[in-house]
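Overview (structure and organization)
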Amino acid sequence: MQRAPALFVSHGAPTFALEPGLLGSQLTALGERLDSATAIVVVSPHWQTCGVRVMGAPRPATIHDFGGFAPELYTLTYPVPGLPSLAAETAGLLIEQGFTALVDGERGLDHGAWVPLRYLRPRGDVPVLQVSMPHNLDVDSALRLGKALAPLRDRGVAVVGSGSLTHNLREARVTREAEEYAKAFAAWARSAVLAGDTEALRDYRTHAPSALRAHPTDEHYLPLLVAAAAAGNDKPLVIDGGITYGVLSMDCYAWGVH
C-alpha cells in the first residue's frame, strides 16, 4: 500500500467556501494526487475537547459553526462517508501514546474540516473522520499528537492539520493589501518547513517575526505542528495561497505527495 501524505491546510475564513481565491484550484489539483488515499483524518481547532475525541459517525453531518455570513454559506454541505472502524483504530493509537481518547459517534465536520475538503476532494468519495484538539494542547503535545497519528499514513490514511498560517482576526479586513507582518511570518514559516526545522517551528514564539501579532493565540498554528510531526522526514511541497483579508495567510504544505 502506498504511504499517504501529511498536509497542513490553511482554511481561512468560512467565506473561503464561496471564494476560492488563489488556493481553491490548487487544493483541487493536489487532491487529484491523493487518489490512492483510503481515508482522510483531519485535526481542526474548531473542535476542542477535554482529552481527545475521534469522530466515529458513519455519515458525519456538516456543521455550520459560524454566524453573520451570507445565507448561501449555510446551504453548503459536504456529504461524505465516515469510517467507524478507523475511528476505533485511531483512538487506540492515541491511547498507546498516552492520550485520553474516546470515539464520538455523533460529531459532524466543522468548517475547519469541510470547507477545505470541498476543494481538496470535491466528490466526497474518500471517508473522512476528525480528531479533536484537547483544550490544553500546546506545541509539545501537538507534535506528540502528530507522531501518534503518523502510523495511519502507512495504512493509506492521509493526515491533515487544518488551521491558518497566520490568524489575527481582530485585524482582518476587506482589502487586497497584505500586512507586512503577515507576509514576514509566512516567509519565515516557509523557510523553516522547507529546512525541516521542526525545532524552530516548535519555538516559533521565540524565532518567528511578529509571532504574537500573527497568532495572538496558538490554536490555529498548532495543526501545522501536528502535520509536520506526522510528516516525519518526508520532503515538503509548498502551496502558495496568498493572503486574504489583509492578515490571513492561506499557505499550505504537503509532505509525501507522489
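Per chain, residues are indexed from 1 in the order of the written sequence. Side-chain atom pairs in this predicted model are given and counted only at pLDDT of 80 or more, local residue features only at pLDDT of at least 70, and totals for whole chains, interfaces and linings cover all residues. To get the side-chain values, all heavy atoms of the structure are used, and hydrogens and water are removed first.

**Quick look at helix α1 (residues 24-31)**
Three or more residues of α1 are buried, namely G24, L27, L30 and G31. Taken around the axis of α1, the buried residues stretch over an arc of 125°, which confines them to a single face. Residues of α1 that are buried in the fold lie against β1 (6-10), α3 (111-120), β7 (236-239) and β10 (252-255). Exposed residues in this analysis have more than 50% of their type's maximum accessible area, buried residues have under 20%, and partly exposed residues fall in between, with area computed by a 1.4 Å probe over protein chains only. Think of it this way: any DSSP run of H or I at least four residues long counts as a helix, any run of E at least two long counts as a strand, and we number them from the N terminus. Directions are taken from the helix axis to each C-beta atom, and the arc is the one they span. Two residues form a contact once any of their heavy atoms are found within 4.5 Å.

**With respect to the side chain of H167**
Following the sequence through the fold, H167 ends up in the loop between β6 (157-163) and α5 (180-194). In this structure the side chain of H167 is engaged in a polar contact, spanning 3.5 Å, whose partner is the side chain of H220. Among residues more than four places away in sequence, those in contact with H167 are A214, H215, P216, E219, H220 and L248. Contacts described as polar in this section are N or O atom pairs within 3.5 Å, which, within protein, must combine one atom able to donate a hydrogen with one able to accept it, while residues neighboring in sequence count only if both atoms come from side chains.

**Structural notes on the environment of S132**
As for its placement among the helices and strands, S132 is situated in strand β5 (residues 128-134). Considered as a pair, S132 and L23 are 109 residues apart in the sequence and their alpha carbons are 25 Å apart. Every residue in contact with S132, bar those within four places of it in the chain, is listed here: W47, T49, G51, V52 and R53. Of note is the side chain of S132, whose polar atom sits 2.6 Å from the side chain of T49. A distance of 2.8 Å separates a polar atom in the side chain of S132 from the backbone nitrogen of R53.

**Looking at the environment of V157**
Mapped onto the secondary structure, V157 falls in strand β6. Placed 59 residues apart in sequence, V157 and P216 show a C-alpha to C-alpha distance of 32 Å. Filtering out sequence-adjacent residues up to four positions away, V157 remains in contact with A4, P5, T38, A39, I40, V41, L86 and L152.

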